[in-house]
Amino acid sequence: MLELGVNIDHVATVRQARKTVEPDPVWAAAQAELGGADGITVHLREDRRHIQDRDLFILKETVRAKLNMEMACSEEVIGIACRTKPDQTTLVPEKREEVTTEGGLDIASNPDRYREVVRRLQDQGIAVSMFLDPELRQIETASQIGANAVELHTGAYSLAISPRDREKELNALIEAGKIITEFGMRLHAGHGLTYHNVQPVAAIANMQELNIGHSIIARALMVGLKDAVAEMKMILKDFAQ
Ligand code: PXP
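Treat the numbers as computed from the prediction; the structure is a model and nothing was measured.

Concerning the pattern of salt bridges
- Applying the stated criterion to the full structure yields 22 salt bridges.
- Between R113 and E116 there is a salt bridge whose closest N-O contact spans 3.0 Å. Of this pair, R113 and E116 both sit in helix α5 (residues 111–123), separated by three residues, roughly a single helical turn.
- Residue K237 pairs with D238 through a salt bridge whose shortest N-O separation is 3.7 Å. With respect to class, K237 is no different from D238; both count as exposed.
- A cluster of three or more residues bridged by salt bridges with shared partners is formed by E3, K66, R186 and E209.

Quick look at helix α6 (residues 136–144)
- Here α6 has its buried residues at Q138, I139, T141 and A142. The arc enclosing the buried residues of α6, seen along the axis, measures out at 160 degrees, which places them on a common side. Opposite the buried face of α6, at more than 90 degrees from it, the exposed residues are R137 and Q144.

Rules of the game
Residues numbered from 1 in each chain as written. Predicted model: local features only at pLDDT ≥ 70, side-chain atom pairs only at ≥ 80, totals over all residues. Heavy atoms only, no water. Salt bridge = Lys/Arg side-chain N within 4 Å of Asp/Glu carboxyl O. Helix = DSSP H or I, 4+ residues; strand = E, 2+ residues; numbered from the N terminus. Buried < 20%, exposed > 50% of the residue type's maximum accessible area, 1.4 Å probe, protein only. Arc of directions from axis to C-beta.

Any link to function would need more than the numbers given here.
The following block contains the structure:
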């Protein structure tokens, strides 16, 4: 089955713009689930610029779909993950100055550290996904250190302008997807996916999870979150493998 994970960080971003209590990402998660979301994704950043600890704790109690926590490999956040026990964590790189997650993780340069973190999270029953660029060296490392899944970074594909560049980036994702599947890991993808560009990524063999935030939340301002998620699910319905 191809699962849709809805990233609701932007809802918290609006709330934090006024440091008030609305809009509440917890409400948003419920609306996303009513629209058919298979997962709710939140990124607890070290700088807490959007999602707060309280959001994660309440979501752990209220989300009926899969709760996917994006996080950097920092001790503080690892501790919170181990205590909260979301269904899945997706390890991502984090830089303070970035607007959003910019590139995939470099796990190949420091496999021992990531192996240890994967084990600690898995010991708490949490599945671990790694956000990676479609690079063989990184994917091999993910397999060696026991990751459950790789989320392929679709940013380069999403930003490609010419059909030729887009095809090149899509092919890189397809090839990486084959290797991830051969290694026995789950295949996920995300970043920059929209209602217009998502289908070729959804069609990649064995694609199991897409994490989408910005495009769905942007549409939600116009049509409401439940409908925005339902529209994305409709686009993806033929790819439910
Ligand atoms: N996957 C990961 C690992 C991300 O960091 C993000 C952005 O938070 C997304 C998916 C969603 O990206 P977008 O908001 O561009 O859909």
